[in-house]
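# Chains, contacts and geometry: an overview
Below, each chain spelled out in residue letters.
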Amino acid sequence: MPARVFAYALAEDAAEYTAAELAEGLRVSNAAISGAVRYLVGVGMLTKGRKPGSRADHYFINDDELWGTIIGQRSGVLSSYQEIAQEGVDQLGIQTRGGQRLWETKEFFKFLQEQQEQMIDRWHVHWAELKAEWTAVGGDPPGDGNR
């Protein structure tokens, strides 16, 4: 259900949705939406907010640098994997086969995190260039002022 909710929010034109609107759009129960949006907010794929005077929560996708933001938030997960693998190395010792595998695992996630951070930096530059090209042809760049 989280994948369906995210795909719906990504493809629909509205800037934000209530749980009831998501349930109606997807033709599912409010209970199904509740768990899905809780998960999506927790992993940073949706943002939850309230309009002044409204009792309903509103959910939206951060339209500015959508994927750069989502992927960038995963850096903490990679750090956790490194820490856990290092704890295993410390417990097993680097001289054991298991310790060596965990050391390789830690180094892999360290490399992945470094590459991801560099990729996100390159993406920011590339995204700025794309938005400038869009503006040059007379359009409002995607991600500007949608929220």
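Look up a bit, the structure's there.
Here the structure is a predicted model, which means the values were calculated and not measured. (Residues numbered from 1 in each chain as written. Predicted model: local features only at pLDDT ≥ 70, side-chain atom pairs only at ≥ 80, totals over all residues. Heavy atoms only, no water.)

It is worth spelling out the sheet that holds strand β1 (residues 17-18) at this point. Pairing within the open sheet is antiparallel, and its 3 strands lie in the order β1-β3-β2. The sheet terminates laterally at β1 and β2 (47-50), the two strands that pair on one side only. Examined bridge by bridge, β2 and strand β3 (residues 57-60) share 4 bridges and lie antiparallel to one another. In the strand pairing of β3, K48 is matched with Y59. (Pairing = 2+ DSSP bridges. Helix = DSSP H or I, 4+ residues; strand = E, 2+ residues; numbered from the N terminus.)

For helix α2 (residues 19-26), the complete set of buried residues consists of L22, A23 and L26. Looking straight down α2, one finds that the buried residues subtend no more than 100 degrees of arc, so they occupy a single side. On its buried face, α2 is in contact with α1 (2-11), β1, α3 (30-42) and β3. A positive backbone phi angle near 55 degrees is found at R27, which sits one or two residues after α2. (Buried < 20%, exposed > 50% of the residue type's maximum accessible area, 1.4 Å probe, protein only. Arc of directions from axis to C-beta. Contact = heavy atoms within 4.5 Å.)

Following the criterion strictly, the structure yields 5 aromatic pairs and no others. Ring geometry for Y8 versus Y17: centroids 5.8 Å apart, planes at 55 degrees, classification tilted. With respect to class, Y8 is no different from Y17; both count as buried. Ring plane angle 20 degrees and centroid distance 5.5 Å describe the contact between W123 and W127, whose orientation is recorded as stacked. (Phe/Tyr/Trp six-rings, centres within 6.5 Å; stacked < 30°, edge-to-face > 60°.)

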